[in-house]
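If you want the building blocks of each chain, they are given just below.
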Amino acid sequence: MMSSQPGSISSRSDSGSLEVIVPDGETAIRWASHGYPSSLAKWHYHPQIEIHLIREGSGQFMAGDGLMPFEAGHVALIGSNLPHNWISDIRPGERLTHRDILCHVRPQTIRLLSSAFPETAGFEQVLRRALHAVVLSGESAHQVADLLVAMGDHEESRRVADLVAMLAVFEHAPEAESRTLVTPEYNPMVAVGAEDGINAAISYISDHLDEVSLQDAAEAAAMSASTFSRFFKRVAGIGFADFVRSLRIGRACRLLSCTDMPIARIQRMSGYANASNFNRRFLEETSLTPSAYRKNHSAR
(Lines give C-alpha, C1' and ligand atoms only; values in the text may rest on other atoms or scores of the structure.)
Protein backbone atom coordinates (compact mmCIF):
# COMPACT_ATOMS: atom_id res chain seq x y z
CA MET A 1 0.00 0.00 0.00
CA MET A 2 1.26 3.46 -0.83
CA SER A 3 0.96 6.72 1.05
CA SER A 4 0.96 10.34 -0.03
CA GLN A 5 3.02 11.42 2.97
CA PRO A 6 5.65 14.09 2.24
CA GLY A 7 8.98 12.62 1.37
CA SER A 8 7.62 9.42 -0.15
CA ILE A 9 7.65 8.82 -3.90
CA SER A 10 5.50 6.32 -5.74
CA SER A 11 5.43 5.33 -9.39
CA ARG A 12 4.42 2.43 -11.61
CA SER A 13 6.20 0.35 -14.19
CA ASP A 14 4.84 0.43 -17.75
CA SER A 15 2.77 -2.67 -17.04
CA GLY A 16 0.99 -0.90 -14.19
CA SER A 17 1.53 -3.85 -11.87
CA LEU A 18 4.57 -2.91 -9.81
CA GLU A 19 4.70 -0.28 -7.09
CA VAL A 20 8.04 1.41 -6.51
CA ILE A 21 8.31 2.43 -2.86
CA VAL A 22 11.05 4.84 -1.81
CA PRO A 23 11.52 5.26 1.97
CA ASP A 24 11.38 8.77 3.40
CA GLY A 25 14.76 10.51 3.48
CA GLU A 26 17.63 8.24 4.44
CA THR A 27 15.53 5.67 6.28
CA ALA A 28 15.20 1.98 5.41
CA ILE A 29 11.81 1.57 7.11
CA ARG A 30 8.69 3.25 5.76
CA TRP A 31 5.58 3.56 7.96
CA ALA A 32 2.22 4.68 6.56
CA SER A 33 -1.51 4.72 7.27
CA HIS A 34 -4.62 5.33 5.18
CA GLY A 35 -8.37 4.82 5.02
CA TYR A 36 -10.74 2.97 2.71
CA PRO A 37 -11.85 3.40 -0.04
CA SER A 38 -8.56 4.73 -1.31
CA SER A 39 -6.60 4.67 -4.55
CA LEU A 40 -3.84 3.18 -2.39
CA ALA A 41 -5.99 0.17 -1.47
CA LYS A 42 -5.74 -2.05 -4.53
CA TRP A 43 -4.40 -5.37 -5.79
CA HIS A 44 -0.66 -4.76 -6.20
CA TYR A 45 2.84 -5.96 -5.34
CA HIS A 46 6.27 -4.48 -4.53
CA PRO A 47 9.82 -5.66 -3.70
CA GLN A 48 9.52 -4.67 -0.02
CA ILE A 49 8.06 -6.96 2.60
CA GLU A 50 5.00 -5.47 4.27
CA ILE A 51 3.65 -5.77 7.81
CA HIS A 52 -0.02 -4.76 7.74
CA LEU A 53 -2.71 -4.13 10.33
CA ILE A 54 -6.43 -3.69 9.65
CA ARG A 55 -7.93 -1.48 12.39
CA GLU A 56 -11.58 -1.33 11.34
CA GLY A 57 -14.10 -3.05 9.11
CA SER A 58 -14.30 -6.55 7.70
CA GLY A 59 -13.96 -8.13 4.29
CA GLN A 60 -11.75 -10.45 2.28
CA PHE A 61 -7.94 -10.59 2.23
CA MET A 62 -6.36 -11.59 -1.11
CA ALA A 63 -2.74 -12.73 -1.33
CA GLY A 64 -1.33 -14.75 -4.21
CA ASP A 65 -3.80 -17.55 -4.83
CA GLY A 66 -5.29 -17.31 -1.32
CA LEU A 67 -8.46 -15.68 -0.03
CA MET A 68 -9.64 -15.40 3.58
CA PRO A 69 -12.02 -13.23 5.62
CA PHE A 70 -10.59 -10.51 7.85
CA GLU A 71 -11.89 -8.41 10.73
CA ALA A 72 -10.47 -5.53 12.74
CA GLY A 73 -7.21 -6.63 14.37
CA HIS A 74 -6.09 -8.66 11.33
CA VAL A 75 -2.26 -8.75 11.06
CA ALA A 76 -0.36 -10.06 8.04
CA LEU A 77 3.20 -10.23 6.72
CA ILE A 78 3.44 -10.01 2.92
CA GLY A 79 6.54 -11.24 1.12
CA SER A 80 8.50 -9.54 -1.64
CA ASN A 81 6.58 -9.22 -4.94
CA LEU A 82 3.56 -11.15 -3.63
CA PRO A 83 0.33 -9.55 -4.96
CA HIS A 84 -2.15 -8.67 -2.24
CA ASN A 85 -5.26 -6.66 -1.44
CA TRP A 86 -7.82 -6.12 1.35
CA ILE A 87 -11.40 -5.67 0.15
CA SER A 88 -13.69 -4.18 2.81
CA ASP A 89 -17.44 -4.61 2.56
CA ILE A 90 -18.89 -1.13 3.10
CA ARG A 91 -22.17 0.64 2.50
CA PRO A 92 -22.47 3.11 -0.42
CA GLY A 93 -20.82 6.35 0.65
CA GLU A 94 -19.26 4.79 3.76
CA ARG A 95 -15.60 5.45 4.54
CA LEU A 96 -13.30 3.69 7.00
CA THR A 97 -11.09 6.60 7.97
CA HIS A 98 -8.37 4.70 9.85
CA ARG A 99 -8.47 1.23 8.29
CA ASP A 100 -4.81 0.52 7.47
CA ILE A 101 -1.44 0.82 9.19
CA LEU A 102 1.63 -0.71 7.56
CA CYS A 103 5.37 -0.62 7.24
CA HIS A 104 7.70 -1.55 4.40
CA VAL A 105 11.31 -2.69 4.41
CA ARG A 106 13.42 -4.45 1.80
CA PRO A 107 14.25 -8.10 2.53
CA GLN A 108 17.91 -7.30 1.74
CA THR A 109 17.89 -4.95 4.72
CA ILE A 110 16.72 -7.76 7.01
CA ARG A 111 19.44 -10.04 5.64
CA LEU A 112 22.08 -7.39 6.31
CA LEU A 113 20.83 -7.16 9.87
CA SER A 114 21.07 -10.93 10.26
CA SER A 115 24.62 -10.97 8.92
CA ALA A 116 25.67 -8.44 11.57
CA PHE A 117 23.60 -9.94 14.41
CA PRO A 118 23.54 -13.76 14.35
CA GLU A 119 20.85 -13.59 17.01
CA THR A 120 18.41 -12.62 14.25
CA ALA A 121 19.30 -15.50 11.91
CA GLY A 122 15.77 -16.85 12.36
CA PHE A 123 14.43 -13.87 10.41
CA GLU A 124 15.50 -15.64 7.20
CA GLN A 125 12.85 -18.26 7.83
CA VAL A 126 10.34 -15.46 8.48
CA LEU A 127 11.18 -13.99 5.05
CA ARG A 128 10.66 -17.38 3.38
CA ARG A 129 7.28 -17.85 5.05
CA ALA A 130 6.30 -14.30 4.09
CA LEU A 131 6.39 -15.35 0.43
CA HIS A 132 3.24 -17.32 1.28
CA ALA A 133 1.62 -14.49 3.34
CA VAL A 134 1.77 -15.06 7.09
CA VAL A 135 -1.39 -14.23 9.06
CA LEU A 136 -1.25 -13.99 12.85
CA SER A 137 -4.02 -14.43 15.39
CA GLY A 138 -4.43 -14.36 19.17
CA GLU A 139 -1.80 -12.77 21.38
CA SER A 140 0.78 -12.75 18.57
CA ALA A 141 -1.48 -10.55 16.44
CA HIS A 142 -2.11 -8.22 19.40
CA GLN A 143 1.63 -7.83 20.02
CA VAL A 144 2.44 -6.93 16.40
CA ALA A 145 -0.57 -4.60 16.18
CA ASP A 146 0.58 -2.66 19.26
CA LEU A 147 4.13 -2.39 17.96
CA LEU A 148 3.02 -1.26 14.49
CA VAL A 149 0.71 1.42 15.90
CA ALA A 150 3.43 2.69 18.24
CA MET A 151 5.96 2.80 15.40
CA GLY A 152 4.07 5.72 13.88
CA ASP A 153 4.91 7.93 16.88
CA HIS A 154 8.57 6.90 17.19
CA GLU A 155 11.76 8.45 15.89
CA GLU A 156 13.60 6.65 13.08
CA SER A 157 16.09 4.90 15.39
CA ARG A 158 13.30 3.58 17.61
CA ARG A 159 11.51 2.21 14.54
CA VAL A 160 14.42 -0.17 13.96
CA ALA A 161 13.78 -1.67 17.39
CA ASP A 162 10.06 -1.87 16.63
CA LEU A 163 10.75 -3.75 13.39
CA VAL A 164 13.07 -6.24 15.10
CA ALA A 165 10.48 -6.80 17.82
CA MET A 166 7.72 -7.45 15.24
CA LEU A 167 9.85 -9.88 13.23
CA ALA A 168 10.70 -11.68 16.46
CA VAL A 169 6.97 -12.15 17.13
CA PHE A 170 6.52 -13.63 13.65
CA GLU A 171 9.53 -15.89 14.27
CA HIS A 172 8.34 -17.22 17.62
CA ALA A 173 4.56 -17.15 17.22
CA PRO A 174 2.97 -20.45 18.34
CA GLU A 175 1.82 -22.66 15.49
CA ALA A 176 -1.80 -22.14 16.54
CA GLU A 177 -1.40 -18.36 16.06
CA SER A 178 0.48 -18.33 12.74
CA ARG A 179 -0.66 -19.59 9.37
CA THR A 180 0.24 -19.07 5.72
CA LEU A 181 -2.38 -18.33 3.07
CA VAL A 182 -0.66 -18.89 -0.28
CA THR A 183 -0.09 -22.37 -1.67
CA PRO A 184 3.49 -23.54 -2.33
CA GLU A 185 2.66 -23.91 -6.05
CA TYR A 186 1.75 -20.25 -6.55
CA ASN A 187 3.95 -18.39 -9.06
CA PRO A 188 3.92 -14.61 -8.46
CA MET A 189 5.00 -14.02 -12.07
CA VAL A 190 1.35 -14.45 -13.11
CA ALA A 191 0.75 -11.01 -11.55
CA VAL A 192 3.03 -9.18 -14.00
CA GLY A 193 0.89 -6.89 -16.14
CA ALA A 194 -2.37 -8.14 -14.62
CA GLU A 195 -3.14 -5.32 -12.17
CA ASP A 196 -5.40 -3.22 -14.38
CA GLY A 197 -7.64 -6.15 -15.29
CA ILE A 198 -7.90 -7.52 -11.76
CA ASN A 199 -8.54 -4.12 -10.16
CA ALA A 200 -11.19 -3.23 -12.75
CA ALA A 201 -12.95 -6.53 -12.06
CA ILE A 202 -12.72 -6.16 -8.26
CA SER A 203 -14.10 -2.62 -8.44
CA TYR A 204 -17.04 -3.77 -10.57
CA ILE A 205 -17.77 -6.76 -8.34
CA SER A 206 -17.63 -4.68 -5.15
CA ASP A 207 -20.02 -2.06 -6.58
CA HIS A 208 -22.54 -4.59 -7.96
CA LEU A 209 -22.31 -7.42 -5.47
CA ASP A 210 -26.08 -7.92 -5.27
CA GLU A 211 -26.44 -8.43 -9.03
CA VAL A 212 -22.99 -9.16 -10.43
CA SER A 213 -22.53 -11.09 -13.68
CA LEU A 214 -19.51 -12.68 -15.34
CA GLN A 215 -20.25 -10.90 -18.62
CA ASP A 216 -20.35 -7.45 -17.03
CA ALA A 217 -17.21 -8.12 -14.97
CA ALA A 218 -15.44 -9.22 -18.16
CA GLU A 219 -16.52 -6.01 -19.91
CA ALA A 220 -15.17 -3.98 -16.98
CA ALA A 221 -11.82 -5.72 -17.50
CA ALA A 222 -12.05 -5.21 -21.30
CA MET A 223 -12.07 -8.95 -22.03
CA SER A 224 -14.40 -11.55 -23.44
CA ALA A 225 -16.23 -13.63 -20.83
CA SER A 226 -14.26 -16.79 -21.58
CA THR A 227 -10.90 -15.00 -21.57
CA PHE A 228 -11.74 -13.16 -18.36
CA SER A 229 -12.84 -16.35 -16.60
CA ARG A 230 -9.49 -18.03 -17.36
CA PHE A 231 -7.54 -14.85 -16.55
CA PHE A 232 -9.22 -14.35 -13.17
CA LYS A 233 -8.69 -17.96 -12.10
CA ARG A 234 -5.04 -17.94 -13.20
CA VAL A 235 -4.11 -14.64 -11.56
CA ALA A 236 -6.32 -14.57 -8.46
CA GLY A 237 -6.11 -18.31 -7.80
CA ILE A 238 -9.87 -18.58 -7.32
CA GLY A 239 -12.74 -18.94 -9.77
CA PHE A 240 -14.92 -15.91 -10.46
CA ALA A 241 -18.08 -17.52 -9.01
CA ASP A 242 -16.24 -18.64 -5.85
CA PHE A 243 -14.79 -15.16 -5.40
CA VAL A 244 -18.21 -13.53 -5.70
CA ARG A 245 -19.70 -16.03 -3.26
CA SER A 246 -16.99 -15.29 -0.69
CA LEU A 247 -17.65 -11.55 -0.91
CA ARG A 248 -21.41 -12.06 -0.70
CA ILE A 249 -21.19 -14.28 2.37
CA GLY A 250 -18.74 -11.79 3.89
CA ARG A 251 -21.35 -9.07 3.44
CA ALA A 252 -24.00 -11.28 5.02
CA CYS A 253 -21.71 -11.91 8.00
CA ARG A 254 -21.21 -8.18 8.53
CA LEU A 255 -24.93 -7.45 8.33
CA LEU A 256 -25.80 -10.34 10.65
CA SER A 257 -23.28 -9.22 13.26
CA CYS A 258 -23.63 -5.44 13.01
CA THR A 259 -27.35 -4.91 12.36
CA ASP A 260 -30.71 -6.28 13.47
CA MET A 261 -32.02 -6.54 9.90
CA PRO A 262 -34.25 -9.54 9.18
CA ILE A 263 -32.31 -12.42 7.67
CA ALA A 264 -34.56 -12.36 4.60
CA ARG A 265 -33.48 -8.79 3.86
CA ILE A 266 -29.82 -9.63 4.43
CA GLN A 267 -30.23 -12.53 2.02
CA ARG A 268 -31.46 -10.17 -0.72
CA MET A 269 -28.82 -7.53 0.00
CA SER A 270 -26.16 -10.23 -0.33
CA GLY A 271 -27.32 -11.14 -3.82
CA TYR A 272 -29.41 -14.23 -3.09
CA ALA A 273 -32.98 -14.37 -4.33
CA ASN A 274 -33.54 -17.87 -2.96
CA ALA A 275 -33.46 -18.52 0.80
CA SER A 276 -32.44 -22.17 0.54
CA ASN A 277 -29.54 -21.30 -1.77
CA PHE A 278 -28.43 -18.55 0.62
CA ASN A 279 -28.59 -20.86 3.63
CA ARG A 280 -26.66 -23.58 1.81
CA ARG A 281 -23.90 -21.24 0.62
CA PHE A 282 -23.64 -19.58 4.03
CA LEU A 283 -23.29 -22.96 5.73
CA GLU A 284 -20.58 -23.98 3.24
CA GLU A 285 -18.55 -20.84 3.90
CA THR A 286 -18.97 -20.51 7.68
CA SER A 287 -20.08 -23.97 8.91
CA LEU A 288 -23.04 -22.18 10.55
CA THR A 289 -26.54 -21.22 9.52
CA PRO A 290 -27.22 -17.47 9.32
CA SER A 291 -29.32 -17.55 12.49
CA ALA A 292 -26.64 -19.52 14.38
CA TYR A 293 -23.96 -17.10 13.17
CA ARG A 294 -25.96 -14.12 14.47
CA LYS A 295 -26.62 -15.85 17.78
CA ASN A 296 -22.94 -16.75 18.28
CA HIS A 297 -21.82 -13.21 17.47
CA SER A 298 -24.40 -11.72 19.85
CA ALA A 299 -23.13 -14.01 22.60
CA ARG A 300 -19.57 -12.71 22.09
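Being a predicted model, the structure only gives us computed values, none of them experimental.

Peer 1: Which parts of the structure should I look at to understand the overall build of the protein chain?
Peer 2: Helices and strands together make up the secondary structure of the protein chain, namely eleven helices and eleven strands. In summary, the protein chain has a C-alpha radius of gyration of 20 Å against a globular reference of 19 Å for 300 residues, a match within 12%. Burial status across the protein chain gives 48% buried among its 300 residues. Look at the contacts in the protein chain between residues 6 or more apart in sequence, and 71% of them connect residues 24 or more apart. The positive charge centre, built from 28 side chains, and the negative charge centre, built from 34, are 7 Å apart in the protein chain.

Peer 1: I tried to follow the layout of surface pockets on my own but got confused; where do I start?
Peer 2: Leftover empty space is mapped by rolling, across the atoms, a probe with the size of a water molecule. In this structure, the second largest pocket spans a volume of roughly 170 Å³. Considering the residues around the second largest pocket, the lining is formed by Glu26, Thr27, Ala28, Ile29, Thr109, Ile110, Leu113, Glu156, Arg159, Val160, Leu163 and Val164. Listed by contribution, the elements that provide at least two residues to the lining of the second largest pocket are α1 (107-116) and α4 (156-172). Element by element, the count of residues in the lining of the second largest pocket is highest for α4, at five residues. For the lining of the second largest pocket, the residue count by class is seven nonpolar, two polar and three charged.

Peer 1: So what exactly am I meant to see when it comes to a negative patch on the surface here?
Peer 2: On the surface, a cluster of negative charge is contributed by Asp210, Glu211, Asp216 and Glu219. Here Glu211 is to be found in the loop between α5 (195-207) and α6 (214-220). In this structure Glu211 comes out as exposed when scored by relative accessible area, which is 58%.

Peer 1: Would you mind going over the nonpolar core with me for this structure?
Peer 2: Soluble globular proteins tend to bury their nonpolar side chains together. Of all hydrophobic cores here, the largest spans 45 residues; its most connected members are Phe61, Ile205, Phe228, Phe232 and Phe243. Listed by contribution, the elements that provide at least two residues to this core are β5 (59-63), β6 (66-70), β7 (75-78), β8 (84-88), α5, α6, α7 (225-236) and α8 (240-258). Here Ile205 is in contact with Val212, Phe240, Phe243, Val244 and Leu247, once residues within four sequence places are set aside. Ranked by size, the runner-up nonpolar core spans 28 residues in total, among them Val75, Leu77, Ala141 and Ala145.

Peer 1: What is the right way to look at the side chain of Arg245 in this model?
Peer 2: Mapped onto the secondary structure, Arg245 falls in helix α8. The buried category is assigned to Arg245, whose relative accessible area is 18%. Among all residues touching Arg245, those that are not within four sequence positions of it are Tyr272, Arg281, Glu284 and Glu285.

Peer 1: Where do I start with the pairing of strand β3 (residues 30-36) in this structure?
Peer 2: Successive residues of a regular strand alternate their side chains across the two faces of the sheet. In terms of residue burial, β3 counts as a mostly covered element, since six of its seven residues are buried. Inspection of the sheet shows β3 paired to strand β9 (residues 96-105) by six bridges, in the antiparallel sense. By the bridge assignment, Trp31 is partnered in β9 with Cys103.

Peer 1: Help me understand the pattern of salt bridges in this model?
Peer 2: Where charged atoms from two side chains of opposite charge approach closely, those side chains can pair. Scanning the entire structure with this criterion turns up ten salt bridges. The salt bridge involving Arg251 is made with Asp89; its shortest N-O contact spans 2.9 Å. Taken together, the positions of Arg251 in helix α8 and Asp89 in the loop between β8 and β9 put the pair 162 residues apart, joining distant regions of the chain. Residues Arg251 and Asp89 agree in their burial class; the two are buried. In this structure, Arg99 engages Asp100 in a salt bridge whose closest nitrogen and oxygen atoms are separated by 2.6 Å. Accessibility assignment for this pair places Arg99 and Asp100 in one class, buried.

Peer 1: What's the story with the packing of aromatic side chains in this structure? I'm lost.
Peer 2: The description of two aromatic rings rests on the distance between their centres and on the angle between their planes. As enumerated under the stated definition, the model contains eight aromatic pairs in all. Ring centres 5.8 Å apart and planes at 75° place the aromatic pair Phe228 and Phe240 in the edge-to-face group. Here Phe240 lies in helix α8 and Phe228 lies in helix α7, a separation of twelve residues in the sequence. This pair shows no difference in class: Phe228 is buried, exactly as Phe240 is. Ring centres of Phe232 and Phe240 lie 6.2 Å apart, and the angle between their planes is 85°; this geometry places the pair in the edge-to-face category.

Rules used in this analysis
- Residues numbered from 1 in each chain as written.
- Predicted model: local features only at pLDDT ≥ 70, side-chain atom pairs only at ≥ 80, totals over all residues.
- Heavy atoms only, no water.
- Helix = DSSP H or I, 4+ residues; strand = E, 2+ residues; numbered from the N terminus.
- Rg over C-alpha atoms; globule rule 2.2 N^0.38 Å.
- Buried < 20%, exposed > 50% of the residue type's maximum accessible area, 1.4 Å probe, protein only.
- Contact = heavy atoms within 4.5 Å.
- Lys, Arg positive; Asp, Glu negative; His and termini not counted.
- Charge placed at Lys NZ, Arg CZ, Asp CG, Glu CD.
- 1 Å grid on protein atoms, 1.4 Å probe; cavity = no way out; pocket = protein on both sides within 12 Å on 5 of 7 lines; lining within 4 Å.
- Points joined across faces, edges and corners; volume = space filled by probe spheres on them.
- Nonpolar A, V, L, I, M, F, W, Y, C, P; charged D, E, K, R; others polar.
- Patch = residues over 30% accessible without salt bridge, like charges linked within 9 Å, V, L, I, M, F, W, Y side chains within 5 Å.
- Areas by Shrake-Rupley, 256 points an atom, 1.4 Å probe, with all protein chains shown as cover.
- Salt bridge = Lys/Arg side-chain N within 4 Å of Asp/Glu carboxyl O.
- Core = buried A, V, L, I, M, F, W, Y, C linked by side-chain atoms within 4.5 Å.
- Pairing = 2+ DSSP bridges.
- Phe/Tyr/Trp six-rings, centres within 6.5 Å; stacked < 30°, edge-to-face > 60°.

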